[in-house]
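Descriptive structure summary
This is what each chain is made of:
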Amino acid sequence: METSNQLLKVGIIGTIVAAVCCFTPLLPFLLGAIGISWFVGYLDIILLPLLVIFAVMTMFAFWKRRSA
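Quick notes on the rules
Residues numbered from 1 in each chain as written. Predicted model: local features only at pLDDT ≥ 70, side-chain atom pairs only at ≥ 80, totals over all residues. Heavy atoms only, no water. Helix = DSSP H or I, 4+ residues; strand = E, 2+ residues; numbered from the N terminus. Contact = heavy atoms within 4.5 Å. Axes fitted to C-alpha atoms, helices over the stretch in contact; angles between N-to-C directions. Parallel < 35°, antiparallel > 145°, perpendicular 65-115°, else oblique. Left-handed = near helix turned anticlockwise from the far one by under 90°. Patch = residues over 30% accessible without salt bridge, like charges linked within 9 Å, V, L, I, M, F, W, Y side chains within 5 Å. Areas by Shrake-Rupley, 256 points an atom, 1.4 Å probe, with all protein chains shown as cover. Salt bridge = Lys/Arg side-chain N within 4 Å of Asp/Glu carboxyl O. Buried < 20%, exposed > 50% of the residue type's maximum accessible area, 1.4 Å probe, protein only. Phe/Tyr/Trp six-rings, centres within 6.5 Å; stacked < 30°, edge-to-face > 60°.

Moving on: the side chain of T58. As for its placement among the helices and strands, T58 is situated in helix α3 (residues 43–67). Apart from the residues within four sequence positions on either side, T58 is in contact with L8, G11, I12 and T15.

Below, the structure is given as structure tokens:
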């Protein structure tokens with residue numbers, strides 16, 4: 001039971017962080033401020049799959065929690 005709670009916490013936090021970074025211009029400003037704005041072009045390649053992975057992890061944890 002404890003592992004499903006941990007999985008749920010990680011999934012929810014990861015989904016929120018990835019969604020905030022995907023849908024707000026927060027990350028490009030931060031990367032530009034620290035001097036690595038060249039990385040902004042690669043954010044969609046990394047953040048969108050991470051958003052999907054964390055969302056699936058959250059759904060799996062909810063499903064596992066309900067079935068237990």
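We are not done yet, so read on.
This brings us to the packing of helix α1 (residues 2–23) against α3. Where α1 contacts α3, the axes come no closer than 8 Å and their chain directions differ by 150°. The angle between α1 and α3 places the two elements in the roughly antiparallel class. The handedness of the crossing between α1 and α3 comes out as left-handed.

This part is about a nonpolar patch on the surface. A cluster of nonpolar side chains, namely I34, I36, W38, Y42, I45, I46, L50 and I53, defines an oily patch on the protein surface of about 820 Å² accessible area. With respect to the helices and strands, Y42 occurs in the loop between α2 (26–33) and α3. Residue classification places Y42 among the partly exposed positions, given a relative accessible area of 45%.

All right, on to the environment of W63 then. Looking at the element boundaries, W63 is found in helix α3. Overall, the relative accessible area of 56% leaves W63 in the exposed class. Taking the C-alpha atoms as reference, W63 lies 9.4 Å from S4; in sequence the two are 59 residues apart.

It is worth spelling out the packing of aromatic side chains at this point. The full count for this structure, using the stated rule, is two aromatic pairs. With a centroid separation of 6.4 Å and 75° between ring planes, the pair formed by W38 and Y42 is classed as edge-to-face. An angle of 35° between the planes, with centres 5.8 Å apart, marks the rings of F60 and W63 as tilted. A residue pair is termed a helical-turn pair when its members lie 3 or 4 positions apart in one helix, as F60 and W63 do in helix α3 at three residues. Looking at F60, the relative accessible area reads 39%, which means it is partly exposed.

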